[in-house]
Amino acid sequence: MGMFKVRVAEVLEETSNIKSFRLKRADGAPFDPYPAGAHIDVVGPTAVVRQYSLCSPPYELDEYLVAVKLEADSRGGSQALHDVEVGQELEISAPRNLMDLAEDADRHVLVAAGIGVTPMISMAYHLQRAGQEFELHYFARSHTEAAFVDLLENRSGFSDRVVFHFGLSRDEQRAVLETAASSLTQESHVYTCGPEGFMDRVKSIAAEKVPEDNVHIEHFRAGEPTDTSADVPFEVELDDEVYEVPVGRSIVQVLEENGVEVDTTCQEGICGTCIMGVLKGEPDHRDQCMSSSEKKANDQIAACVSRAKSPRLVLELF
Ligand code: FES
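Treat the numbers as computed from the prediction; the structure is a model and nothing was measured.

Draft legend 1. Geometry of the overall build of the protein chain. The secondary structure content of the protein chain amounts to seven helices and 18 strands. Relative to a compact globule of 318 residues, whose C-alpha radius of gyration would be 20 Å, the protein chain shows 20 Å and is just as compact. With the C-alpha coordinates aligned to their principal axes, the bounding extent of the protein chain is approximately 60 × 50 × 35 Å. For the protein chain, the residues scored as buried account for 49% of the 318 residues in total. In the protein chain, 67% of the contacts between residues at least 6 apart in sequence involve partners at least 24 apart. Only carbon and sulfur atoms are counted for the fraction: they give 45% of the accessible area of the protein chain, which is about 14,900 Å².

Okay, here's the thing in structure tokens:
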């Protein structure tokens, strides 16, 4: 995967535990165009790699804006980035997108909680510019704990599309979500990012109004651990070579042990970097990065976590 150097042009304290970083290419060139909602890998000063959504307007390519929440259990990733100062250089990947906007939707409802607002901001910029119907619901514990409030209220150009929901109880959240869902049609699309439980609630309420594939979820963390007690070995075939994947080893691990280089980042099934093509066989999908329709198609696999339901998978590298 290609990585390139960027220089930190500005650091802002958005809240007591969220900082935003404006990044410019170290060589002064503009960035390549990217789809709204995309994220990048950022290699921090401690060489830890983390994914962060781009929250700048996707049509302005002179800089990227990302926001980093200081995690209480930081193992060097978010803490090291919070210590980064203006002028320092970081390494980043090209943007990748796991939550495409449905261009044919009659309406887009963006639902974010906490730091999950970040991908929604670039999506809102895109939708506003494209003249599409949308609204952004932003849930946070309080005004002071919500990032980008000033931007969304005063400088985004789409403040009339943003509805803030501060300090709501679980029941109040549900009522708001049900009201927002009441006007959805079968052609509407819902996008959500936030804590897993929050996204589950959004998904279950939205799925009563729109087809399941019209609900799009952006995961930042791996899901619940999978029950692996019934796992069995299987084979993968790649470029006419056959490898056995034993219980307790991943496809990526087996391929790399055999000298096959596979791009990976999270190794937890959330970033989509390791996705490979499936030419034959049935995957046992265990990732959080592919949509349910992509999983049903069975022609791709997140090779860092997923396994096989058939005795052999024939794979190709993308
Ligand atoms: S490396 Fe991130 S999904 Fe596999």
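Draft legend 2. Seen up close, a negative patch on the surface. There is a patch of like negative charges on the surface, built from Asp100, Glu103, Asp104, Asp106, Glu187, Glu294 and Asp299. You can see Asp104 is positioned in the loop between strand 6 (89-93) and strand 7 (107-113). With a relative accessible area of 66%, Asp104 lands in the exposed category.

Draft legend 3. How the structure looks around the sheet that holds strand 11 (residues 215-218). What the five strands build is an open sheet, ordered 9-8-7-10-11; its pairing is parallel. On the outer flanks of this sheet lie strand 9 (162-166) and strand 11, each paired with one strand and no other. Neighbouring strand axes in the sheet, compared pairwise and without regard to direction, differ in orientation by 15° on average. With six bridges joining them, strand 7 and strand 10 (residues 188-193) adopt parallel strand pairing. Directly across from Ala112, in strand 10, lies its bridge partner Cys193. Most of the contacts of helix 2 (residues 117-130) go to strand 7, to which it runs at about 155°, and overall it touches strand 7, strand 8 (134-140), strand 10 and strand 11.

Draft legend 4. Region of the structure containing the sheet that holds strand 2 (residues 18-25). Here six strands make up an open sheet; going across it, the order is 4-3-6-1-2-5 and the pairing antiparallel. Where the open sheet ends on each side, the last strands, each with one partner, are strand 4 (49-53) and strand 5 (64-69). With strand direction ignored, the average angle separating the axes of adjacent strands in the sheet is 40°. Here strand 1 (residues 3-13) pairs with strand 6 via five bridges, running antiparallel.

Rules behind the numbers
Residues numbered from 1 in each chain as written. Predicted model: local features only at pLDDT ≥ 70, side-chain atom pairs only at ≥ 80, totals over all residues. Heavy atoms only, no water. Helix = DSSP H or I, 4+ residues; strand = E, 2+ residues; numbered from the N terminus. Rg over C-alpha atoms; globule rule 2.2 N^0.38 Å. Buried < 20%, exposed > 50% of the residue type's maximum accessible area, 1.4 Å probe, protein only. Contact = heavy atoms within 4.5 Å. Areas by Shrake-Rupley, 256 points an atom, 1.4 Å probe, with all protein chains shown as cover. Patch = residues over 30% accessible without salt bridge, like charges linked within 9 Å, V, L, I, M, F, W, Y side chains within 5 Å. Salt bridge = Lys/Arg side-chain N within 4 Å of Asp/Glu carboxyl O. Lys, Arg positive; Asp, Glu negative; His and termini not counted. Charge placed at Lys NZ, Arg CZ, Asp CG, Glu CD. Pairing = 2+ DSSP bridges. Axes fitted to C-alpha atoms, helices over the stretch in contact; angles between N-to-C directions.

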